Amino acid sequence: MDLGLKGRKAIVAAASRGLGFAAARSLAREGVSVIMNARTQGPLEEAAQSIRDEFGVEAIAVPADFNTTEGRAAILDAAGGACDILVNNPGVRQVPTPYDQITAEDWRYWMEVHFMSSIEMIQAVAPGMKAQKFGRIVNMSVSFIKFPQVGFAHTHAARLALSGATAAMTRELIGHNVTINSVCPGLFDTDALQTNLHGHAERGNTTYEAIVQNRLENCPAGRFADPAECGDLIAYLCSDQAGFMSGQNIVNDGGVYQGLF
């Protein structure tokens, strides 16, 4: 399917691997030039080069911390201050923290990572999108915002704040053909998932294999999802065909899209 995106320009954060790279790759396959951001230059440049080689589109690597004002400024500068597509993906992992051990500093830090970073990027690019009558914004969230997990009160709160804020913002933008949606992945076969499962095994005094087996037994699809599935969903959300969809949280768990809320 031709999604009608050829010649568009996208900013994709945390794009050196995992779901961010999958999003950049799916967009590049549609002829979109991509400004790819991650913190570590070497892997990021390798990822960008692989996209140039495979799809022949422009892929600009911007090594910077998306979760800092300076990092976001560097990304926007590389994009010329504007883009057609924005994929907000903070790309920061967290470990569970009991509610009574979450400090005021923790609350502020995760609000910066999962709320302010994306909000500031939206506020920077949305006016240009509105003026040109086209814009697609996708926030990378997590399925846990619908199924909250013990130990993640601070991160869930920040992600839910982003969903609420963007649901309001999209009502101001949808009439100008600018959409904002959140993709909420569950169990995708990425490096991040492997790291998290190893951490769960260590904290639970069990084996990695046992944790994997447990997750698969409780996964609707009986498998971990392929990152390309998420990348392709994001590309579709950025198409003209999906212009009617905005303000949605699209939850995925193990390759089965459970719907919107």
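The structure under discussion appears in the preceding block.
These numbers come from a predicted model, not from an experiment. (Residues numbered from 1 in each chain as written. Predicted model: local features only at pLDDT ≥ 70, side-chain atom pairs only at ≥ 80, totals over all residues. Heavy atoms only, no water.)

Peer 1: Give a detailed account of the pattern of salt bridges, specifying residues and quantitative values.
Peer 2: Any two side chains of opposite charge can pair, on the condition that their charged atoms come close. Tallied over the full model, the rule gives seven salt bridges. With its nearest N and O atoms 3.5 Å apart, the salt bridge here joins Asp84 to Arg8. Residue Asp84 is located in the loop between helix H3 (69-78) and strand S4 (85-88), and its partner Arg8 is located in the segment before strand S1 (9-12); the two are separated by 76 residues in the primary sequence. Asp84 gets classed as buried once you look at its relative accessible area, which sits at 11%. When salt bridges that share partners are traced, they join Arg29, Glu30 and Asp232 into one network. (Salt bridge = Lys/Arg side-chain N within 4 Å of Asp/Glu carboxyl O. Helix = DSSP H or I, 4+ residues; strand = E, 2+ residues; numbered from the N terminus. Buried < 20%, exposed > 50% of the residue type's maximum accessible area, 1.4 Å probe, protein only.)

Peer 1: Explain unusual backbone geometry residue by residue, including any values.
Peer 2: The phi dihedral of Lys133 falls on the positive side, at around 65°, and the residue is not glycine. Locating Lys133 in the fold gives a position in the loop between helix H4 (104-132) and strand S5 (135-140). Owing to a relative accessible area of 46%, Lys133 belongs among the partly exposed residues under this scheme. Of note, Asn177 is a non-glycine position whose phi angle comes to about 65°, a positive value. Positionally, Asn177 belongs in the loop between helix H5 (153-173) and strand S6 (178-184).

Peer 1: Account for the packing of aromatic side chains, naming residues and giving values.
Peer 2: The tally for this structure, following the rule as stated, stands at one aromatic pair. Plain terms: the ring middles of Tyr109 and Trp110 are 4.9 Å apart, the flat faces sit at 80° to each other, and that makes the pair edge-to-face. For Tyr109, a relative accessible area of 42% puts it in the partly exposed group. On the basis of relative accessibility, which here comes to 8%, the residue Trp110 falls in the buried class. Positioned above the aromatic ring of Phe134 is the side chain of Arg8, whose terminal nitrogen or guanidinium carbon lies 3.7 Å from the ring centre. (Phe/Tyr/Trp six-rings, centres within 6.5 Å; stacked < 30°, edge-to-face > 60°. Lys NZ or Arg CZ within 6 Å of the ring centre and 35° of its normal.)

Peer 1: Go over helix H2 (residues 41-55), please, and point to the residues and values.
Peer 2: Given 3.6 residues to a turn, an α-helix orients residues that are three or four positions apart in the same direction. For H2, with 15 residues, the first-to-last C-alpha span of 21 Å sits near the 21 Å given by 1.5 Å per residue. Among the residues making up H2, those that are buried are Leu44, Ala47, Ala48 and Ile51. Seen along its axis, H2 keeps its buried residues to an arc of 95°; they face one direction. Residues Glu46 and Asp53 are exposed on H2 and point more than 90 degrees away from its buried face. Buried-residue contacts for H2 involve helix H1 (18-29), strand S2 (33-38) and strand S3 (59-63). Looking one or two residues beyond H2, the residue adopting positive phi is Gly56, at roughly 70°. (Expected span 1.5 Å × (residues − 1). Arc of directions from axis to C-beta. Contact = heavy atoms within 4.5 Å.)

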